[in-house]
Amino acid sequence: MTEYYHVVPWYNSAEWNGVYQELYSDSANKENVLNQLLIWKARCPSMPSGIESTLTLLQVYVQDHISSKDIATDQILRLAYSSAVMRFVNHMLDTETTKGSSLYQAAKNLGVPDWIIDLRHDTAHSSHLPSLQLLRDATLIGLDWLKKNYWEKHQPYVQDYISGQQEENVNDENKIAVLMNFCTSLSFCAHPNCEIKNLLSIPDPSMRESIMNDAKDLLGDKIDMSDLKTVSIKALIKIVNEQCKKFLKVNNTVHYVNKVLLDDDSLLLSFELLKFMDNSNFKKHKKLRTSYVHCFEVLLTYLHTNDLLLDFILALIKITQTKQCSAHRALLAAMWLSEILSALRRGRDFNEKINRETDKEIASKRQHKLKTLYKDWFPNEKSNLILNLKKPVPIHLTDINFIKSVVSTYNQYLTHFVEDLLSLVEPKLPAVVSEKICKLAKLISEPHIFPNQPATRIYTGDDLKSPESNNSSIVLDVIDENVNNNEDHVTGIWRIASENHSWGTCPIGQLPWEQSRNVDLQASIEKVQMEE
């Protein structure tokens, strides 16, 4: 048990959730929350860094609200706030700084405003403490950051331990983790450039041993490991597809799969691996090299075959939309989305061509024979990623109503995969619609490529006080007959509009007097038509 569980300071999940809800409730008494966190601290001096930082910030926040207002108290509060903010920065950015990142880069990666890092430096090195109001603002931002990055993230995982059931869940998660790692290892071995035929030909002994251990955990005595030369990579891939489906028939399968494949240590989203294998191509073309993509072909095909690909795609989209993710991680997720969605489109085109063929035996061929046929039919695309050619595109990705939320949500990385996503919609979208959506995505992600011509001058309320020359380049010819022509209301090019107009009923994009003129014009047109 000690391998998977550790002692926590809260009595049960209800107590943890109670503190979370009360902490971020506008009407709750924060002193009660503080007392409960102090009880947790007494129970377990070494608490998770998220709770430790919450306690540090909340202590000074509560003390501020109950203290008297005098100069001495003000100085003490500034010292307390400064210490709390410094501890918050040190605690929450420690994981990033240990990787070699500076505090500013760590803050950028984790979504902490850089001015809070400046505040921390002033506290540690300056002879003057920051102002009390600035420290209060930093504390509130810190508590809000902890809500998003600790409390909300950990809430799904805070559960009560139930003997037997919990162990079963852990075993399920571990088995799926082993299975995903095994598929990833086989993907690398099956890469065409590796020329690895069997386990004995794997050049790295540690990788060979890892694959053997995973195979024993998953397959047991279903495979003979006495002679590694006879255990081919293709045979392992085949037996995994046939024998390991039972491990996916558990609760929370999708969660466990995505957790393994997309966590911080994931190879699929490892920018270090990308730079090692594909750095020049990625920087130049913002596209993944084909040889790099093939490292994960077996894994992605396995997800497609077992109906896990749709949830995996949605998890990648969520990464591109999450502000707390690093730019490299989000960009790599977007690049993978482009590759996977393109592969699904190519598979759909292949199946449409099969359905047009008169030879009905083609569809019953094995997967590897279908791949050969695909390469014959589409020779220009044979080097691209190929998934399970027998599986259709997940139906949700063909529904415009399902992907509408993806397209309409602000996402600076959407431009990398939006065209591939729209290409799957059925019935097919008109080309002009797809082009406009893609252009909008590009505008959101790269606003600098659509520059606006700056105005020669920006007029403000001050211009109402000082008359301007009538030779100004801007003339507002929107004066209605009902406008009061009092000299106090006329200054240069500016005039005050009459209060007689009904601005609340005026359509957007139209001025009230234009609306009345349009009515008069329409009446005149109708009168002429009647006379005719």
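Remember, predicted model here, so these are calculated numbers, not experimental data.

**Some points on the pattern of salt bridges**
Here's step 1: Within this structure, the stated rule accounts for nine salt bridges.
Here's step 2: Two residues, Asp64 and Arg136, come together in a salt bridge whose shortest N-O distance is 2.7 Å. Residue Asp64 is found in helix H3 (residues 49-66), and its partner Arg136 is found in helix H8 (residues 132-154); the two are separated by 72 residues along the sequence.
Here's step 3: The exposure class of Asp64 is buried, given its relative accessible area of 3%.
Here's step 4: Asp349 is the partner of Arg345 in a salt bridge, and the nearest nitrogen-oxygen pair spans 3.5 Å. Taken together, the residues Arg345 and Asp349, both in helix H17 (residues 327-356) and four residues apart, mark about one turn of the helix.
Here's step 5: Judged by its relative accessible area of 25%, Asp349 is partly exposed.

**Quick word on the packing of aromatic side chains**
Here's step 1: Scanning the entire structure with this criterion turns up 13 aromatic pairs.
Here's step 2: Summarising the aromatic geometry, the rings of Trp16 and Tyr150 are spaced 6.3 Å apart at their centres and angled 55° between planes, so their arrangement reads as tilted. Placement of the pair is Trp16 in helix H1 (residues 13-23) and Tyr150 in helix H8, with a sequence separation of 134 residues.
Here's step 3: Accessibility expressed as a relative area gives 0% for Trp16, which makes it buried.
Here's step 4: Relative accessible area serves as the criterion here: at 6%, Tyr150 is assigned to the buried category.

**Quick look at the packing of H1 against H8**
Here's step 1: Put simply, H1 and H8 touch, their axes get as near as 11 Å, and they point 145° apart. Judged by the twist between their axes, the crossing of H1 over H8 is left-handed. On H8, the residues that touch Trp16, Val19, Tyr20 and Leu23 of H1 are Lys147, Tyr150, Trp151, Glu152 and His154.
Here's step 2: For the contact of H1 with H8, the per-class residue count stands at six nonpolar, one polar and two charged.

What counts and how
- Residues numbered from 1 in each chain as written.
- Predicted model: local features only at pLDDT ≥ 70, side-chain atom pairs only at ≥ 80, totals over all residues.
- Heavy atoms only, no water.
- Salt bridge = Lys/Arg side-chain N within 4 Å of Asp/Glu carboxyl O.
- Helix = DSSP H or I, 4+ residues; strand = E, 2+ residues; numbered from the N terminus.
- Buried < 20%, exposed > 50% of the residue type's maximum accessible area, 1.4 Å probe, protein only.
- Phe/Tyr/Trp six-rings, centres within 6.5 Å; stacked < 30°, edge-to-face > 60°.
- Axes fitted to C-alpha atoms, helices over the stretch in contact; angles between N-to-C directions.
- Left-handed = near helix turned anticlockwise from the far one by under 90°.
- Contact = heavy atoms within 4.5 Å.
- Nonpolar A, V, L, I, M, F, W, Y, C, P; charged D, E, K, R; others polar.

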